[in-house]
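Each chain, written out:
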Amino acid sequence: MKRRNMGGRFHVPLATVLLALSVGGCGTSGGNATGPAATTAGGTPGTASHVTTAEPAAWRKWGLTPLPAAPEPPADKPIKLSATGPVPVFAHVPTSQKVVFITVDDGLEKDPKFIEMMRDLKIPITMFLMNDAIKSDYGYFKRLQALGDHIQNHTLHHPAMNTIPLVRQKQEVCGDQKILTQQFGTAPFLFRPPYGAYNDNTKIAVGECGPRAIVWWRESMQIRNMQYQEPGGKLRPGDIILAHFRGPAELKGATMTEMFANLLRRVREQGFAVARLEDYIQPPAGR
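Computed from a predicted structure; not experimentally measured. Residue positions within a chain follow its written sequence, with the count starting from 1. It should be noted that, the model being predicted, local features are given only for residues of pLDDT at least 70 and side-chain atom pairs only at 80 or more, the latter also being counted only at that level, while totals for whole chains, interfaces and linings use all residues. Calculation of side-chain values draws on the structure's entire complement of heavy atoms; hydrogens and water are dropped beforehand.

Once that is clear, we can look at unusual backbone geometry. Its identity as a non-glycine residue notwithstanding, Lys122 has a phi of 60°, on the positive side. Burial classification: accessible surface area is computed with a 1.4 Å probe over protein chains only, and a residue below 20% of its type maximum counts as buried, one above 50% as exposed, and the rest as partly exposed. Judged by its relative accessible area of 37%, Lys122 is partly exposed. With a phi close to 70°, His158 is a non-glycine residue in the positive phi region. Strands are runs of DSSP state E lasting at least 2 residues, helices are runs of H or I lasting at least 4, and numbering of each runs from the N terminus. By the secondary structure assignment, His158 is in the loop between β7 (150-153) and α6 (166-184). A relative accessible area of 3% means that His158 is categorised as buried.

Right, here's the structure in full:
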């Protein structure tokens, strides 16, 4: 998948969208409101939450070799978000630490074994959730949130944002923001556009609805291997990896845990640790 901007508009080739729909990509449709207070472990933005290392036996249970331990995140966060002004877009975190960040999109698959895997391995993930996909079982994602995984905005219905007018873009972002805040007790401060497609109106909508940055990616996990955006076909410090909540129907018979285990194998092969994305971001004051 390639990125290119023309006149401020982000273009996604049709073949890329079809690939996303067919192989684990973002497909299928699935304001600040008060809600129950989230615990520190539940992904409250800006809290200190260094990643805990799992025991070797936990890795063996899932047929894996342990990853390197994640280093302490920097006190001076490399990404600083402002409560006002233009919404930035980033696909990696400026850092020299040999860490990458795993993001998991939409919420279509709700495999209980994946929660068990995350509890055992203590791998941090950032979830960009779409309400259409998660509304049948908010509790599933609350269990992941309780492990320290943060929940961010991914629209209500999963449209290609650069194909709809500003008023609809605001409905998509603000609507998801309101529901996620009500359900999970903390307002998302990051947004990921479905299919990676966005334009200038998306930035306006995101800024007016609450999130303060748009998050892209440099690698996307398929079933066994990663697809790289940058030349060279390798991970780099600070890269953001895209994965999805997917099951056997979309993964050619593979389970969510099998796909995620393959992701961790690819990360380990290149000697990287997995860190929590939000530990490297300074959210706006008061968030």
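Using a 1 Å grid laid over the protein atoms alone, points where a 1.4 Å probe fits but cannot get out form a cavity; open sets with protein on both sides within 12 Å along at least 5 of 7 lines form a pocket; any residue with an atom within 4 Å of a point counts as lining. Grid points are joined across faces, edges and corners, and a volume is the space filled by probe spheres set on the points. Computed from the structure, the second largest cavity encloses a volume of approximately 120 Å³. Three classes are used: nonpolar for Ala, Val, Leu, Ile, Met, Phe, Trp, Tyr, Cys and Pro, charged for Asp, Glu, Lys and Arg, and polar for all others, with Gly counted as polar. Residues that form the lining of the second largest cavity fall into these classes: 12 nonpolar, two polar and one charged.

This part is about the nonpolar core. One finds Phe114, Phe245, Phe260 and Leu264 to be the most contacted residues of the largest nonpolar core, which totals 48 residues. It is helix α8 (residues 256-269) that provides the largest number of residues to this core, a total of seven residues. A contact between two residues is defined here by any heavy atoms of the two lying within 4.5 Å. Not counting residues within four places of it along the chain, the set of residues in contact with Leu264 comprises Trp59, Leu64, Leu67, Ile102, Leu121 and Ile123. The nonpolar core is taken to be a set of buried Ala, Val, Leu, Ile, Met, Phe, Trp, Tyr and Cys residues, with the residues joined through side-chain atoms within 4.5 Å. With 24 residues, the next largest nonpolar core counts Val51, Ala70, Phe189 and Trp216 among its residues.

The subject of this paragraph is the confidence of the model for the protein chain. Considering every residue of the protein chain, the mean pLDDT works out to 86; 82% of them sit at 70 or more. Contacts for the low-pLDDT stretch residues 27-48, under 50 throughout, to residues beyond four places or in other chains number 63 contacts. Per-residue confidence from the predictor is reported as pLDDT, a score between 0 and 100.

Okay, the state of the cysteines next. A disulfide bridge is the covalent bond that connects two cysteines by way of their sulfur atoms. In this description, a disulfide is simply a cysteine sulfur pair whose atoms lie within 2.5 Å. Summed over all chains, the structure comprises one disulfide. Through a disulfide, Cys174 is tied to Cys209; the S-S separation comes to 1.9 Å. What sets the handedness of the Cys174 and Cys209 disulfide is the S-S torsion sign, and at about -85° it is left-handed. Of this pair, Cys174 sits in helix α6 while Cys209 is found in helix α7 (residues 200-209), placing the two residues 35 residues apart along the sequence.

Burial along strand β6 (residues 126-129) is two-sided: the face carrying Thr126 and Phe128 and the face carrying Met127 and Leu129 are both buried. At least two DSSP bridges between two strands are required for those strands to pair. Alignment of strand β5 (residues 99-106) against β6, held across four bridges, turns out to be parallel. Directly across from Val104, in β6, lies its bridge partner Met127.

Bringing the packing of helix α3 (residues 112-121) against α8 into the picture now. For helices, the fitted line uses only the C-alpha atoms of the stretch in contact; every axis is such a line through C-alpha atoms, and the angle between N-to-C directions lies from 0 to 180 degrees. With their axes 9 Å apart at the nearest point, α3 and α8 run at an angle of 35° to one another. Considering how the two elements wind past one another, α3 and α8 form a crossing that is right-handed. Contacts between α3 and α8 involve Lys113, Phe114, Met117, Met118 and Leu121 from the first element and Met256, Thr257, Phe260, Ala261 and Leu264 from the second. In this scheme the crossing of two helices becomes right-handed for a clockwise turn of the near helix relative to the far one and left-handed for an anticlockwise turn of less than a right angle.

Attention now moves to helix α5 (residues 138-145). For α5, the complete set of buried residues consists of Tyr138, Tyr140, Phe141, Leu144 and Gln145. Each buried residue of α5 sits inside an arc of 155° when the element is viewed along its axis, so together they form one side. Within this analysis, the arc is defined by the directions that extend from the helix axis to the C-beta atoms.

On to α3. All of the buried residues along α3 are Phe114, Ile115, Met117, Met118, Asp120 and Leu121. Where α3 is buried, its residues meet α2 (56-61), α5 and α8. In protein, a polar contact requires one atom able to donate a hydrogen and another able to accept it; more generally it is a pair of N or O atoms within 3.5 Å, and residues adjacent in sequence count only if both atoms are side-chain atoms. Taking the backbone nitrogen of Lys113 as reference, a side-chain oxygen 2.9 Å away marks Asp111 as the first, capping residue of α3. Directly after α3, the chain includes Lys122, whose backbone phi takes a positive value near 60°.

Attention now goes to the pattern of salt bridges. By definition, a salt bridge exists where a carboxyl oxygen of Asp or Glu is found within 4 Å of a side-chain nitrogen of Lys or Arg. Overall, the coordinates contain 13 salt bridges when judged by the stated rule. Across the pair Lys61 and Glu116 runs a salt bridge, and its minimum N-O distance is 2.6 Å. Of this pair, Lys61 sits in helix α2 while Glu116 sits in helix α3, and the two are 55 residues apart along the sequence. Exposure remark for Glu116: the relative accessible area of 23% places this residue in the partly exposed category. When the shortest N-O distance is used, the salt bridge between Asp132 and Lys135 registers 3.4 Å. Each of the salt bridges in this network shares a partner with another, and the network as a whole consists of Lys61, Lys113, Glu116 and Asp120.

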